[in-house]
Every structure is written in C-alpha cells, then in structure tokens.
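Observations on chain architecture
So the chains spell out like this:
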Amino acid sequence: MIEVQNLSKCFQNGNECIWAIKNVSFHVNRGEIFGIIGLSGAGKSTLIRCLNRLEEPTQGKIIIDGVDITALDKRELRAKRKDIGMIFQHFNLLSQKTTYENIALPLELAGLGKKEINSRVNELLEYVGLRDKRNAYPSQLSGGQKQRVAIARALANNPKILLSDEATSALDPKTTKSILELLNRIRNELGLTIVMITHQIEVVKDICDRVAIMENGEIVEINTVEELFRRPKSKTAKAFISSLKSDVQEEFVIPEEFNGRVVRLSFWGDNAKKPIVSHMIKKFNIDVNILSGNISQLMSTSAGYLIVELVGEDGEIQAAIDYLKSQDVDVEVM
Amino acid sequence: MLELIIPSLLQTVYMVFFSTVFSLLLGFPMGVLLVITEKGGIWEKPTLYRILDGIINVLRSFPFLILMVLLFPLSRLIVGKTIGTTATIVPLSVAAAPFVARVIETSLKEVDKGVIEFGQSIGATVPQIIFKILIPEAMPSLIMGVTLTIVNLIGYSAMAGAIGGGGLGDLAIRYGLYRFQTDVMVVSVVVIVILVQGVQFLGNKLASRINKK
Ligand SMILES: Nc1ncnc2c1ncn2[C@@H]1O[C@H](COP(=O)(O)OP(=O)(O)O)[C@@H](O)[C@H]1O
Ligand SMILES: [Mg+2]
C-alpha cells in the first residue's frame, strides 16, 4: 500500500543541512495500523508529513498504491491528497466554523452539492458519535470531541489512508482509549490503512499491528507489536517497553543471589493464557520460585514475561526447560 | 450651528465611506499577497514579496499631506479636479491602501498554521485556502482591522480638510482658525470624536459577536 524507499529529508539552515530523516525505508500493508514511535525530535512528524508531501522529501521515493507520489506535479498531488486523510495533535479545526461546517468543508472543496454534503456529514456525525454536537463550535467541545470532528472531517472524502500525527498526545488516557477504539473501528469497518505517529508506547500496544522505532532520523527497528514486546531488538524499543511496565522488578533480579537456575520466560499469544508453568511443576520434579513477572494486553493478544528460579537436579531442570520450549515459550537462562 | 455641522458631517461620512471601500479594494489583495508570498507562505514568491513589501514601506513613510499634494494629478485624472470631497477620496484611498495592506497582513498572519496545513492535506488549492480557510478564520480580526482603517480615515479626512477637502476638518479650520469662531471648531471636533468612538464601539461589538473562538 505504502512503500517508502531510501527517504531522506534535510532542512536547509543557511549553507548547512540538518538531516531530519536519514535513508529510511519501510512498507505499510493494506488495512494495517502501522505505528512509528520515537522520542520528541526523532523525525516522526517530518516523516509522516513527507507521506503526503506537506514536507518535500530531499531524496528517496514514496510509492502509494503503485504511484510514486514524489514524482507528481502540484495538480496531481492535490488529487492524490484526497485519498490520504490526516489528523493532528492539536486537531486543527476551523475555530469559526461549527462541527457541521468543519466536516462539510472538504466536501465543499471537492465540489459536492448541498444535498450530498448534508447527507454525508450526517452520516459521518453519526459514525463518530457527535450528532448532538452538530452546531457546536470547537471552543465548546472537549479534546476528545474535537478529535472526533477532525477524524470525521478526514474521512469525508473516503480516503484510503489515514495519517495520524500524535492524534492522542493532547488527550487524557481515557479519551485516548476511546479515540484509539474509533480508529480501530475505522480500520476494521472501512478498511483504511492507518499510519500512526506517537511517542506513547501505550498507543502502539493498544492498536498497532506493526511498528517502526525511530531515533535521530533513522528507523532502528521494524517489528510486529507482538514480537516487539516479546523480544525487542533495539535499545530504544527496550526503553519504551520498560517504561510501560508498572513493576521494574526485573532490573533487580540478580541471578547470582539464587542457588537454583534463574530463567526468563516470555509468553505471547495464547500461551500467555495457558497454565504452562503449573503443568511443568506437576510433570517434573522441580520447585519453581517466581521472582518477577508481567503480562500486558496487546491489541489482539497478550504478551508477558516471568522470571523464575528453578530448583532441582540439573537433568530435571533441563527437561523442564525443554518442555517449556516445546510449548513455544521463550526461555532465556540468566 | 446645525446648518454648518450637518452638511460637513455628511461630507466626512461620504469621503470616509468611499475611501474605506477603495482603500480596501486596493489594500486587501495586497495584504493577502503579502501573506501568501512570504517565506513559508502557501504561494511562496520571495521576489514578489520583497517588491510589494518595499512599495508599501515607501508609501507608508510619506506624510499624508505631502502624498495628497503629490496625488493631485491623479485626482485630476480620475475626478477631473483636485479640490472638493470627491477629489479627496482619491488621495485618501491611495494613502490608506498600504496601511490596509499591513492591517490585513497582520490579521491573516494570526491564523493558526495548523488549519492551513489541514487545507493542504485535503488537497485544497491556493484560492480555496484563501477564501475558505484563511479569510473566514481571520474574520473577527479583519473586522477590527477595517475598524482601525475607518478610524484612521476619519483622521486623514479631517487633515485633508485643511487643503480644501471639505468635511468636518475643513469646517473646524475655516471657522476656528480663520474666523475665530471657537464654538464651531469645538463642536466639529466633538462630532469627530463621537464619530471615531462610535465606529470603534460598533467594530468591537461586531468582532466579538461573530468570534466563536
Ligand atoms: N521546518 C523545519 N525547519 C528546520 N528544522 C526542522 C523543521 N521541522 C523539523 N525540524 C527538525 O527536524 C527534527 C525532527 O523534527 P520532528 O519531525 O518534528 O520530530 P518529532 O515529530 O519526532 O518530534 C528536529 O530536530 C527538528 O528540529
Ligand atoms: Mg512531532
């Protein structure tokens, strides 16, 4: 759906070039919610703004639905942009226009008639749950409601892709959840492909299928969310995940302090819900001492880890570990 | 007294009204052009911006009375004479136009960059962004700008009176300065003050009434 090849962007500062994006490549599948996470200043906004050329890429190609959008002229680009909706951190609603007028604007600009506009706006108001706010001005809406208006407005012309630049960053956690649910519904029901920029790992965990980790203008890791939580590769990813964990006990488990063998078990998907450890204790002649653990609910599945001390004969311990591996549990001897 | 004040007031209103209309016709497009052609604008044209910016600065640095005299030939060309209320509308409009351009520029620049970006993100053309986003969003501030322009033109028109423009300024000078009828001068000045206050009050009211922010 979206294919980004060797994309670079430099901001000219006098004679100097500041590279905000450095040779980035990735692809986004149709119907996918693709996250891009990174700390502030990593280049996320610049990257997503290159996708609809609000920012002109310096080098590289961006192919959307088979069309290289970096090669389009102004008129072609404007036409293409109607296929790509965008929502923003600060909503960017027109302050002098009502909810209705805000949602109607893209339709008006696209040249639709009054009647068509009316029925489409009503449909969209219904979809985002704002029918009773039809005549309210943005200043009379809460943050979550404003973002719903912005989402309805972005959907007005039936885009195929939705770009979201920190759409939930200005919202409280509860409102964030409800907006994420709406976005997920849009993907499932309307089949949109969504690219989400965020600095919040919670957002990635709750809604994304795959994620790119960005640091200093580069993508340091691209992973499925499941795999990211199970086995983060990059330091940045690990830092993000550990920031999510309510308990940071893992850091304080020092294997040398225990007599038995200390292992870290990672679960994901269905096996996070099965009583695998309990089976292991019954099956083998060992004792299990739980030292630390955490299970997170991901979008469609669960992932978690458990740090345990296995006490018993070496042979039994090895057999138990083999059993865990046979159950698709990741075992790491610490 | 009233027979003196009323016709002069009407002349002032006439001059101010038409010079407001014409200075807006001249200055509004210039203000819009300044905003869209500047660096980072939606229709970036650095050279055009610099030329426009320069012209406006030069025009604004002329003292109004000198500009008026310099524009006598233009008044003669358009109206056929250089003296009188109708003739005065020409220099008033030209003098106020660069001021209007700056006022409009300032108002439009206050519009949140985010909504312009939204316009670009849905593939809006430059005229669409100007007329459907920029101007509606700036409306309360534009009304304040027009109010300021009218207030300024009331002042200018009074000055124009000194060189044969008619209106309340003319009346005040003719009776106050040349005939020592201080009462006529005082009443003229009071009427001008009331006019200015009234316009400012109405402008403020209208701007805050339509502002939904
Ligand atoms: N218009 C610009 N001009 C110059 N530098 C910019 C501009 N926009 C962004 N940058 C720089 O590019 C880098 C990435 O910025 P940004 O994409 O906004 O990061 P993020 O969205 O991840 O916080 C930053 O160092 C920022 O200062
Ligand atoms: Mg950003």
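Further up the page is the structure itself.
Before going into details, it helps to say that this report is about the structure given with it. (Residues numbered from 1 in each chain as written. Chains lettered and ligands numbered in written order. Predicted model: local features only at pLDDT ≥ 70, side-chain atom pairs only at ≥ 80, totals over all residues. Heavy atoms only, no water.)

**A closer look at the overall build of chain B**
When you go through chain B residue by residue, the secondary structure sums to nine helices and zero strands. Listed N to C, the secondary structure of chain B is α-α-α-α-α-α-α-α-α in terms of helices and strands. In terms of overall dimensions, chain B has C-alpha extents of about 65 × 40 × 25 Å along its principal axes. Considering only intrachain contacts with a sequence separation of at least 6, the fraction spanning at least 24 residues in chain B is 72%. With an accessible surface of roughly 10400 Å², chain B has 71% of that area assigned to carbon and sulfur atoms. The average position of the 16 basic charges and that of the 11 acidic charges among the side chains of chain B differ by 4 Å. (Helix = DSSP H or I, 4+ residues; strand = E, 2+ residues; numbered from the N terminus. Contact = heavy atoms within 4.5 Å. Areas by Shrake-Rupley, 256 points an atom, 1.4 Å probe, with all protein chains shown as cover. Lys, Arg positive; Asp, Glu negative; His and termini not counted. Charge placed at Lys NZ, Arg CZ, Asp CG, Glu CD.)

**Here we look at the interface of chain A and chain B**
Taken together, the 22 residues of chain A in the interface contact 21 residues of chain B. Of the roughly 2000 Å² buried where chain A meets chain B, counting both sides, 58% is carbon and sulfur surface. Area buried by chain A at its contact with chain B is led by Arg78, Gln96 and Leu109 of chain A, which between them contribute 30% of it. There are two salt bridges connecting chain A and chain B. For glutamate 108 of chain A, the salt bridge is made with lysine 132 of chain B, and the minimal N-O distance between the two is 2.6 Å. On inspection of chain A and its partner chain B, the count reaches 11 residue pairs in polar contact (both at pLDDT 80 or more). (Buried area = accessible area lost by both parts, 1.4 Å probe. Salt bridge = Lys/Arg side-chain N within 4 Å of Asp/Glu carboxyl O. Polar contact = N/O pair within 3.5 Å; in protein donor to acceptor, adjacent residues only side chain to side chain.)

None of the figures reported here should be taken as evidence of function without further support.
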